[in-house]
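# An overview of the molecular structure
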Amino acid sequence: MINSISLGHFYLTHLVHPTVIHTREFLAIFDVDGTMVNLSGAIDFDALLVDAFKELGTDVPPVAERDALWRAGKNHADLLRSWGVASPRAFWDAFDRLDFEARSGAIKAGRIGLFPDCIPALSALHDSGRVVLAVHTNTPYKLARYQLEHFNIARYFEALLALDVDGYDQSRAKPEPWGIHHLQAKIGSAYGADFTGRTAFIGDSRIDMDAARNARIPGILVSRDTSIGDAKGGFDVVSSLVQATPRFLGSVIRRFGTGL
Ligand SMILES: [Mg+2]
């Protein structure tokens, strides 16, 4: 498991350089898909949803309603039941299996890769010694771990929070704040430090920014489409991950803390 590997590394580092560990100033929580991993349109998630409905023998709801499912958070089960899905758990199991098959196939075929700014950004943050990095994704754990390991970026992160582990499930999925609070507590106890007021979320979607707002931490939207321009939605915007330096994180967190 990534968690045990990275925590093993943490304990080793702790023994060798105890002072370094306690100087971590910030916790940076990263989304995966669209933030670090470039899906580049390789996967049609709506088509996977349709296939999952068909597997369960349920009538497929219209596309506008299906779209609402991605943002349903804790209401996902009620929404699915309103469409005649008897077991939301069985539905997500079917969806997750279809998703894993489609994505692992596309990754192996080279149709999904990392954004070129990903490794430079992660290594700069990690090597600064000032930032703890964690992952928070609404992807199932098996698929998230596969991606992090396949792209050789698991080593940068001290924790991976993904669906179906650590009590994280669809009802606690982003935009719910549960996962951010969970990671703050988990990393905080590993470091013997309180990361409240010292955490930022880095993601590519409105759902990520909503999760950050709900958890009362600053959000940093990665928008490689520069036409979006300056932040207008209560979060900061960067056009490349490499802009998310320790110094930038510090200034975002300080501004958020003072309400400016
Ligand atoms: Mg994303």
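Because the structure is a prediction, the values reported are computed rather than measured.

## Details of the packing of helix α6 (residues 88-108) against helix α8 (residues 141-150)
- Following both chains from N to C, one finds α6 and α8 inclined at 10 degrees, their axes separated by 10 Å at the closest point. As judged from the angle between their axes, α6 and α8 are roughly parallel. Along the contact surface, α6 presents D99, F100, R103, S104, I107 and K108, while α8 presents K142, L143, Y146, Q147 and H150.
- When its residues are assigned to classes, the contact of α6 with α8 shows 4 nonpolar, 3 polar and 4 charged.

## Structural notes on the nonpolar core
- Counting 51 residues, the largest nonpolar core has F30 and M36 as the members making the most contacts within it.
- If one sorts the elements of this core by residue count, α6 sits on top with 7 residues.
- The residue makeup of this core includes at least three contributed by each of domain 1 (2-39 + 112-258) and domain 2 (45-108).
- Sequence-distant contacts of F30, defined by excluding residues within four places in its chain, comprise T35, M36, L122, L125, L133, A134, V135, H136, F157, F201, I202 and L241.

## Here's the deal with the coordination of the magnesium ion
- With distances of 2.1 to 2.2 Å, the protein atoms coordinating the magnesium ion are D31 (OD), D33 (O) and D204 (OD).
- One chain supplies every donor to the magnesium ion, and in sequence these donors are spaced D-x1-D-x170-D.

## A few points about the packing of aromatic side chains
- Here the structure, examined in full by the defined rule, presents 9 aromatic pairs.
- Ring centres of Y168 and W178 lie 6.1 Å apart, and the angle between their planes is 20 degrees; on these two criteria the pair is classed as stacked. On the criterion of sequence distance, the pair formed by Y168 in the loop between β5 (159-163) and α9 (178-191) and W178 in helix α9 is long-range, its members being 10 residues apart.
- Ring-pair connections join several aromatic residues into one group, and the members of that group are F53, W70, W83, F91, W92 and F95.
- Taking NZ or CZ as reference, R198 lies 4.6 Å from the ring centre of F195, over its face.
- It is R224 that lies over the ring of F115; its NZ or CZ is 3.6 Å from the centre.

## Describing the sheet that holds β5
- One open sheet holds the 6 strands; their spatial order is β5-β4-β1-β6-β7-β8, and the pairing between them is parallel. On the outer flanks of this sheet lie β5 and β8 (236-238), each paired with one strand and no other. Put simply, the sheet's adjacent strands are angled 25 degrees from each other on average, direction ignored.
- Inspection of the sheet shows strand β7 (residues 219-222) paired to β8 by 3 bridges, in the parallel sense. Paired with L221 across the two strands is V237, which belongs to β8.
- Those strands touched by helix α10 (residues 206-214) are β4 (131-140), β6 (199-203) and β7, and its axis lies near 170 degrees from that of β6.
- Taken strand by strand, helix α11 (residues 246-258) contacts β1 (26-30), β4, β6, β7 and β8, and its axis lies near 100 degrees from that of β1.

## Examining the pairing of β4
- Of all 10 residues in β4, 9 are buried; the element is thus mostly enclosed.
- With 5 bridges connecting them, β1 and β4 associate as parallel partners. Across the sheet, F26 pairs through a bridge with V131, a residue of β4.
- Pairing analysis gives 4 bridges linking β4 to β5, with the strands arranged parallel. Considered in β5, the bridge of V135 is made with L160.
- Taken together, β4, α8 and β5 constitute a β-α-β crossover, and its handedness is right-handed.

## Brief notes about the layout of surface pockets
- By volume, the largest pocket amounts to about 720 Å³.
- The set of elements that each furnish at least two residues to the lining of the largest pocket consists of β2 (37-38), α6, β4 and α10.
- Grouping the constituent residues of the lining of the largest pocket by class yields 13 nonpolar, 10 polar and 9 charged.

## With respect to the confidence of the model for the protein chain
- Taken residue by residue, the protein chain gives an average pLDDT of 88. The fraction at 70 or more is 88%.
- Across residues 1-21, confidence stays below pLDDT 50; counting only partners more than four residues off in sequence or on other chains, it has 28 contacts.

## Quick word on the environment of C118
- With respect to the helices, strands and loops of the structure, C118 is situated in helix α7 (residues 118-127).
- The spatial distance from the C-alpha of C118 to the C-alpha of T35 is 8.3 Å, given a sequence separation of 83 residues.
- Once residues lying within four places of it in the same chain are set aside, the contact partners of C118 are M36, I153 and L241.

The rules behind these values
Residues numbered from 1 in each chain as written. Predicted model: local features only at pLDDT ≥ 70, side-chain atom pairs only at ≥ 80, totals over all residues. Heavy atoms only, no water. Axes fitted to C-alpha atoms, helices over the stretch in contact; angles between N-to-C directions. Helix = DSSP H or I, 4+ residues; strand = E, 2+ residues; numbered from the N terminus. Parallel < 35°, antiparallel > 145°, perpendicular 65-115°, else oblique. Contact = heavy atoms within 4.5 Å. Nonpolar A, V, L, I, M, F, W, Y, C, P; charged D, E, K, R; others polar. Core = buried A, V, L, I, M, F, W, Y, C linked by side-chain atoms within 4.5 Å. Buried < 20%, exposed > 50% of the residue type's maximum accessible area, 1.4 Å probe, protein only. Domains from an automatic or database assignment. Donors = N, O, S within 2.8 Å, 3.2 Å for Na, K, Ca; no water. Phe/Tyr/Trp six-rings, centres within 6.5 Å; stacked < 30°, edge-to-face > 60°. Lys NZ or Arg CZ within 6 Å of the ring centre and 35° of its normal. Pairing = 2+ DSSP bridges. Right-handed = clockwise from strand over helix to strand, strands pointing away. 1 Å grid on protein atoms, 1.4 Å probe; cavity = no way out; pocket = protein on both sides within 12 Å on 5 of 7 lines; lining within 4 Å. Points joined across faces, edges and corners; volume = space filled by probe spheres on them. pLDDT = per-residue confidence, 0-100.

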